[in-house]
Amino acid sequence: MAASSASFANTVRKPLPVSNLSSKLPIPSAFTTVSFRTNRRPSHVVFISASLDGKPTVLVAEKLGEAGLALLKEFANVDCSYNLSPEELNTKISLCDALIVRSGTKVNREVFESSGGRLKVVGRAGVGIDNVDLAAATEHGCLVVNAPTANTVAAAEHGIALLASMARNIAQSDASVKAGKWQRNKYVGVSLVGKTLAVMGFGKVGTEVARRAKGLGMHVIAHDPYAPADRARAVGVELVGFDEALATADFISLHMPLTPATSKILNDETFAKMKKGVRIVNVARGGVIDEEALVRALDAGIVAQAALDVFMVEPPPQDSKLVQHERVTVTPHLGASTMEAQEGVAIEIAEAVVGALKGELASTAVNAPMVPAEVLSELKPFVILAEKLGKLAVQLVAGGSGVKTVKVTYASSRGPDDLDTRVLRAMITKGLVEPISDVFVNLVNADFTAKQRGLRIAEERVILDGSPENPLEFIQVQIANVESKFASAISESGDVTVEGRVKDGVPHLTKVGSFEVDVSLEGSIILCRQVDQPGMIGTVGSILGSENVNVSFMSVGRIAPRKHAVMAIGVDDQPSNATLKKIGDVPAIEEFVFLKL
């Protein structure tokens, strides 16, 4: 139920402490069971410190560095069995407490079912966990950890190696000379000095690439909505918006994760925005490039060259037009393939697996929020609301602004000790970070993840008069010191602001900026700022209906009659770009944005 402004006249605002989650969560002892709910089914995480023979058993299914194996052997019985077939893995797994894999072993639902509940930890020796079924792991009470930091320098060095090799046609001229040719005029290269390099994704690897490119005399810009401006300044890098990066770069180096938001982010439309003759390096994820579109861009001369270490399908087909293209340099996913990186990854994953088996909280855990079932049961709709408000807020931020400071306000009639907001803060962090990151955020790693990205989340409590039966009245998320792609989302405080409530068990968006709205957070949302005049709801509804886009909710908030209004439209389907353009072309609509949930 919406509260009027008068109802806040006597409210008390109290700041909540922002602390490290691990200091508040008890470390489970041997054989401790922590309950939680996922997908409406009860589950348990069982932390075990020893098997019946005194030591747990760790199955290492892919080659791991000796330093990592040595750490494992100090604590556990280690079974190194490489190149197992799926059937062999399923047979072995019932005798193991932990499993360590790289990218070649598929840890699917059948593996967890075959373990009979004994498998407690899966360690992925590397950053990506595409080959692990996280939902199945969580349902079967198995913690999943990864090793996200050890191969940073190796990946950055490989990116720079590809950059220089591509610019000077090293691979092509090497093949030419070995074929008995001497084609000096054909393989004239381009200099790196003074050229603009756009680093797309300014995380650990992107930062290291930028440092090295600066040393080569390049001008470096970067696009990453979470990159702290002070870190960029320290490296001598300018943060810019996505379109500006594409339009001004001579070279583009990709370091973004593969998420729904980044899948095929380089496509026909984005290639058309690039400077003609741009050169592209990808040591991130193959799926961020539409490979067929890249071939077309190469043939059209938009992209002069590409250097690729990753592909949508690995290994790629032998007859791949992209792989066989004369102006493309390729390597077989060698980003982390140095002796030093392999040892570092081995040590990092071994430490994470041993720690998890001991019952310690792993900062690299990617699943299993450890929350009592009764707490999650009561907070469940607010947990969903918190994540979706985070997703909405970050999508309203204009590229290049950089998200650094977030304020979360909880309005409740309960006392400070009767409402544990850790899980809500974790879910807001999840909503803010996951859409453009390869990190999986949960209660275990939320504060660590936020700190790692320079994201400061402050919490505030608004104490209301009333019955404490309902845990929360509303949640408000504000992002400070940013620009917005939807100007009306900026509240009077100057922050991007969204607010939501739970109504009849369903999360609702109830405020955008200073505009009151009411739309269910199911599906996705279109926000329009318009001149408040008759027929607007019908006009927009007709456009969506003609394109077979189903509208679930529609709400209008306005400052005053016949002035400006914000219309919030809940849709079940994602409208096409053509449909969205029709909405934007309506004369009375001043701005609009599509927000995917």
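Whatever comes next refers back to the structure up there.
Residues numbered from 1 in each chain as written. Predicted model: local features only at pLDDT ≥ 70, side-chain atom pairs only at ≥ 80, totals over all residues. Heavy atoms only, no water.

## Some details on the overall build of the protein
Then step 1. Looking only at helices and strands, the protein has 19 helices and 25 strands in total.
Then step 2. Looking at the protein as a whole, 54% of its 597 residues qualify as buried.
Then step 3. Long-range pairs, those at least 24 residues apart, make up 67% of the contacts in the protein between residues at least 6 apart in sequence.
Then step 4. Per element, the accessible surface of the protein, about 26100 Å² overall, is 52% carbon and sulfur. (Helix = DSSP H or I, 4+ residues; strand = E, 2+ residues; numbered from the N terminus. Buried < 20%, exposed > 50% of the residue type's maximum accessible area, 1.4 Å probe, protein only. Contact = heavy atoms within 4.5 Å. Areas by Shrake-Rupley, 256 points an atom, 1.4 Å probe, with all protein chains shown as cover.)

## Focus on the packing of helix α18 (residues 536-546) against helix α19 (residues 577-584)
Then step 1. Where α18 meets α19, the closest approach of the two axes is 10 Å, and the angle between their N-to-C directions is 165°. What the angle tells us is that α18 and α19 run roughly antiparallel. Remark: the crossing between α18 and α19 carries right-handed chirality. Every residue of α19 that contacts α18 at V540, I543 and L544 is listed here: T579, K582 and I583.
Then step 2. Considering only residue class, the contact of α18 with α19 consists of four nonpolar, one polar and one charged. (Axes fitted to C-alpha atoms, helices over the stretch in contact; angles between N-to-C directions. Parallel < 35°, antiparallel > 145°, perpendicular 65-115°, else oblique. Left-handed = near helix turned anticlockwise from the far one by under 90°. Nonpolar A, V, L, I, M, F, W, Y, C, P; charged D, E, K, R; others polar.)

## Some remarks on the nonpolar core
Then step 1. Judged by nonpolar contacts, the single largest core of 51 residues is most densely connected at L396, V406, L432, I475, I479, L509 and L527.
Then step 2. The leading source of residues in this core is helix α15 (residues 373-395), at nine residues.
Then step 3. Taken together, domain 3 (371-513) and domain 4 (518-596) each give at least three residues to this core, which thus spans both.
Then step 4. In contact with I475, not counting residues within four places along its chain, are F382, L385, A386, L389, V408, T409, Y410, I428, V498, E499 and G500.
Then step 5. Grouped together as the second largest cluster of nonpolar side chains are 31 residues, V240, V288, I289 and A293 included. (Core = buried A, V, L, I, M, F, W, Y, C linked by side-chain atoms within 4.5 Å. Domains from an automatic or database assignment.)

## Examining the environment of V220
Then step 1. Relative to the helices and strands, V220 resides in strand β10 (residues 219-223).
Then step 2. The sequence separation of V220 and A210 amounts to ten residues, and the corresponding C-alpha distance is 6.4 Å.
Then step 3. Every residue in contact with V220, bar those within four places of it in the chain, is listed here: L197, V199, A210, A213, K214, G236, V237 and E238.

## Details of the pairing of strand β9 (residues 196-200)
Then step 1. Buried residues dominate β9, accounting for five of its five residues.
Then step 2. Here β9 shows no split at all, with T196, A198 and M200 on one side and L197 and V199 on the other all buried.
Then step 3. With five bridges connecting them, β9 and β10 associate as parallel partners. Paired with V199 across the strands is A222, a residue of β10.
Then step 4. Crossover handedness for the path β9 to helix α8 (residues 204-215) to β10: right-handed.
Then step 5. In the sheet, β9 pairs with strand β12 (residues 251-254) via four bridges, with the strands oriented parallel. Bridge assignment links A198 to a residue of β12, and that residue is I252. (Pairing = 2+ DSSP bridges. Right-handed = clockwise from strand over helix to strand, strands pointing away.)

## What about the side chain of S520?
Then step 1. Tracing the chain through its elements places S520 in strand β21 (residues 515-520).
Then step 2. Setting aside its immediate chain neighbours within four residues, S520 contacts V506, P507, H508 and F553.

## Digging into unusual backbone geometry
Then step 1. With omega at -5°, the peptide bond leading from E314 into P315 counts as cis.
Then step 2. Summarising the element assignment, P315 is placed in the loop between β14 (303-308) and α13 (321-324).
Then step 3. In the Ramachandran plot, N169 falls in the positive-phi region, its phi being about 55° despite a non-glycine side chain.
Then step 4. Tracing the sequence through the fold places N169 in the loop between α6 (152-167) and α7 (170-178).
Then step 5. Although it is not a glycine, N548 sits at a positive phi angle of roughly 65°.
Then step 6. In this fold, N548 is placed in the loop between α18 and β23 (551-558).

## Some points on the pattern of salt bridges
Then step 1. Taken as a whole and judged by the stated rule, the model has 22 salt bridges.
Then step 2. Among the salt bridges present, the one from K581 reaches D585, with a minimum N-O distance of 3.0 Å.
Then step 3. When its relative accessible area of 48% is taken as the criterion, D585 is described as partly exposed. (Salt bridge = Lys/Arg side-chain N within 4 Å of Asp/Glu carboxyl O.)

## Topic: the pairing of strand β6 (residues 98-101)
Side-chain direction in a regular strand flips from residue to residue, so the side chains alternate between the two faces of the sheet.
Then step 1. Judged by which residues are buried, β6 turns out to be covered on both faces: A98 and I100 on one side and L99 and V101 on the other are all buried.
Then step 2. Bridge count between strand β4 (residues 57-60) and β6: three bridges; the pairing is parallel. By the bridge assignment, V58 is partnered in β6 with A98.
Then step 3. When β6 meets strand β7 (residues 121-124), the two strands line up parallel, connected through four bridges.

## Considering the sheet that holds strand β11 (residues 238-239)
Then step 1. With parallel pairing, the seven strands of this open sheet are ordered in space as β11-β10-β9-β12-β13-β14-β15. Only two strands of the sheet have a single neighbouring strand rather than two, namely β11 and β15 (328-330).
Then step 2. Together, β14 and β15 form the strand contacts of helix α12 (residues 291-300), whose direction differs from that of β14 by roughly 140°.

Everything listed here is a matter of coordinates, which is why it stays silent on function.
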